[in-house]
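Report on the structure
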Amino acid sequence: MGEIVLVRHGETTWSATGRHTSVTDLDLTEHGAAQAKAMGPMLSNRDFAAVWSSPRKRATRTAELAGLEVDAVKPDLAEWAYGEYEGLTSEQIRRDDPDWTIWTGGGRGPGGESADEVEERLDRVIDEARPLLEEGDVAFVAHGHSLRVAAARWLGKPAREGRIFTIETASVSTLGFEHGREAVTRWNLTAALAR
């Protein structure tokens, strides 16, 4: 039985500074490109039945540099839409909304998504991937919050429980099975940790 392989994109200028990035289509920094290339050996021994990417440039470029051939671009793998919070840091957001977290408050205003909306998207892509696990692994090349929601949903938890996972740029995590039950089999591996 295959695993769902979660691949978070490499560093961008906004991820490096903690700015919330969903619809803004940033490319990787030079460091982010090097991070993506360094992931290649961690992914090269896998037998992928499918490689799916978010439509954002930072994800598709990460896949390319890591040596993955994207079979399909899946809008459902896009990052949580932050709405009016796009481009802001958590510190900036909390000046006006001290109790805010993405997990409890979601995106704000037009274009912002709730946890339920993100959960629905990730459920669709996980449901589409499940039958392919009979043939091999399925890669999701995507973003920090959306991949954390994928992990929560794989475990049958609500999207907001993605808060318990942290995930670095250019990291690999896997969702699989233990004794026939869904489990997180590896989490937040980076090329530096893999050495």
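Residues numbered from 1 in each chain as written. Predicted model: local features only at pLDDT ≥ 70, side-chain atom pairs only at ≥ 80, totals over all residues. Heavy atoms only, no water.

1. Side note on the environment of G162
Stated precisely, the cut-off is as follows: Think of it this way: any DSSP run of H or I at least four residues long counts as a helix, any run of E at least two long counts as a strand, and we number them from the N terminus. Only protein chains enter the accessibility calculation, which uses a 1.4 Å probe. A residue is then buried if its area is under 20% of the maximum for its type, exposed if over 50%, and partly exposed in between. In what follows, a contact means two residues having at least one pair of non-hydrogen atoms within 4.5 Å.
Mapped onto the elements, G162 comes out in the loop between α7 (144-154) and β5 (171-178). On the accessibility criterion, G162 (0% relative accessible area) is buried. For the pair G162 and V125, spaced 37 residues apart in sequence, the C-alpha to C-alpha distance is 16 Å. Not counting chain neighbours up to four residues away, the residues in contact with G162 comprise W103, R148 and A152.

2. Examining the packing of helix α6 (residues 115-129) against α7
Relative orientation and spacing of two packed helices are given, respectively, by the angle between their axes and the distance between those axes. To keep it simple, the criterion reads: Inter-axis angles, ranging from 0 to 180 degrees, are taken between N-to-C directions of lines fitted to C-alpha atoms, where helices are fitted over the stretch in contact. In this scheme, roughly parallel covers angles under 35 degrees and roughly antiparallel covers those over 145, while 65 to 115 is roughly perpendicular and the rest are oblique. Here a crossing is called left-handed whenever its near helix is offset anticlockwise from the far helix by less than a right angle, and right-handed whenever the offset is clockwise. All amino acids are sorted into three groups, where Ala, Val, Leu, Ile, Met, Phe, Trp, Tyr, Cys and Pro are nonpolar, Asp, Glu, Lys and Arg are charged, and the leftover types, Gly among them, are polar.
Their axes nearest at 9 Å, the elements α6 and α7 cross at an angle of 70 degrees. When the axis of α6 is compared with that of α7, the two are roughly perpendicular. You can see that α6 and α7 cross each other, and the crossing is right-handed. Listed contacts from α7 to V118, E119, L122, D123 and I126 of α6 are S146, V149, A150, R153 and W154. Residues that form the contact of α6 with α7 fall into these classes: six nonpolar, one polar and three charged.

3. Side note on the pairing of strand β2 (residues 48-53)
We count it as follows: Between any two strands, pairing holds if DSSP finds at least two bridges.
Summarising the sheet, β2 and strand β4 (residues 137-142) pair through five bridges and their orientation is parallel. Following the sheet pairing, W52 is matched in β4 by F140. Direction of pairing for β2 relative to strand β3 (residues 72-73): parallel, over a ladder of two bridges. Its bridge partner lying in β3, W52 is registered against A72.

4. What to know about the pairing of strand β1 (residues 4-8)
Counting buried positions over the five residues of β1 gives five, a clear majority of the element. Residues I4, L6 and R8 of β1 are buried on one face, and the alternating residues V5 and V7, pointing to the opposite face, are buried as well. With five bridges connecting them, β1 and β4 associate as parallel partners. Pairing of R8 across the sheet is with A142, part of β4. Strand direction decides the pairing type here: β1 and β5, joined by four bridges, are antiparallel.

5. Notes on the side chain of N188
Going by this rule: Think of a polar contact as two N or O atoms within 3.5 Å of one another; within protein, one of them needs to be a possible hydrogen donor and the other a possible acceptor, and neighboring residues in sequence only count if both atoms come from side chains.
Tracing the backbone shows N188 in strand β6 (residues 181-190). A relative accessible area of 12% means that N188 is categorised as buried. Within the local environment of N188, its side chain forms a polar contact with the side chain of S171, the two groups lying 3.5 Å apart.

6. Comments concerning the sheet that holds β2
Read across the sheet, six strands follow the order β3-β2-β4-β1-β5-β6 without closing on themselves; strand pairing throughout is mixed. The open sheet terminates on both sides in strands that have one partner only, identified here as β3 and β6. Both β5 and β6 contribute to a ladder of seven bridges, which runs antiparallel. Paired with S171 across the strands is T190, a residue of β6. Seen against the sheet, α6 touches β1, β2 and β4 and runs at an angle of roughly 155 degrees to β4. Contacts from α7 reach β1, β4, β5 and β6, with the element oriented near 160 degrees to β1.

7. Here we look at the nonpolar core
We count it as follows: In these notes, a set of buried Ala, Val, Leu, Ile, Met, Phe, Trp, Tyr and Cys residues joined through side-chain atoms within 4.5 Å is what counts as a nonpolar core.
The biggest cluster of nonpolar side chains holds 31 residues, and the ones touching the most others in it are I4, W52, W80 and F140. Those elements giving two or more residues to this core turn out to be β1, β2, α5 (102-105), α6, β4 and α7. Every residue in contact with W80, bar those within four places of it in the chain, is listed here: S22, I102, W103, G106, G107, E113, S114, A115, V118, R121, H145 and V149. Among the nonpolar cores identified, the runner-up in size contains 15 residues, and V5, V51, A139 and A191 belong to it.

8. Side note on unusual backbone geometry
Despite not being glycine, A170 has its phi angle at roughly 55 degrees, a positive value. The residue A170 is located in the loop between α7 and β5 in this model. Residue A170 is classed as buried on the basis of its relative accessible area, which comes to 5%. Despite not being glycine, H179 shows a phi value in the positive range, around 50 degrees. As for its position among the elements, H179 is in the loop between β5 and β6.

So yeah, pure geometry; function would need other evidence.
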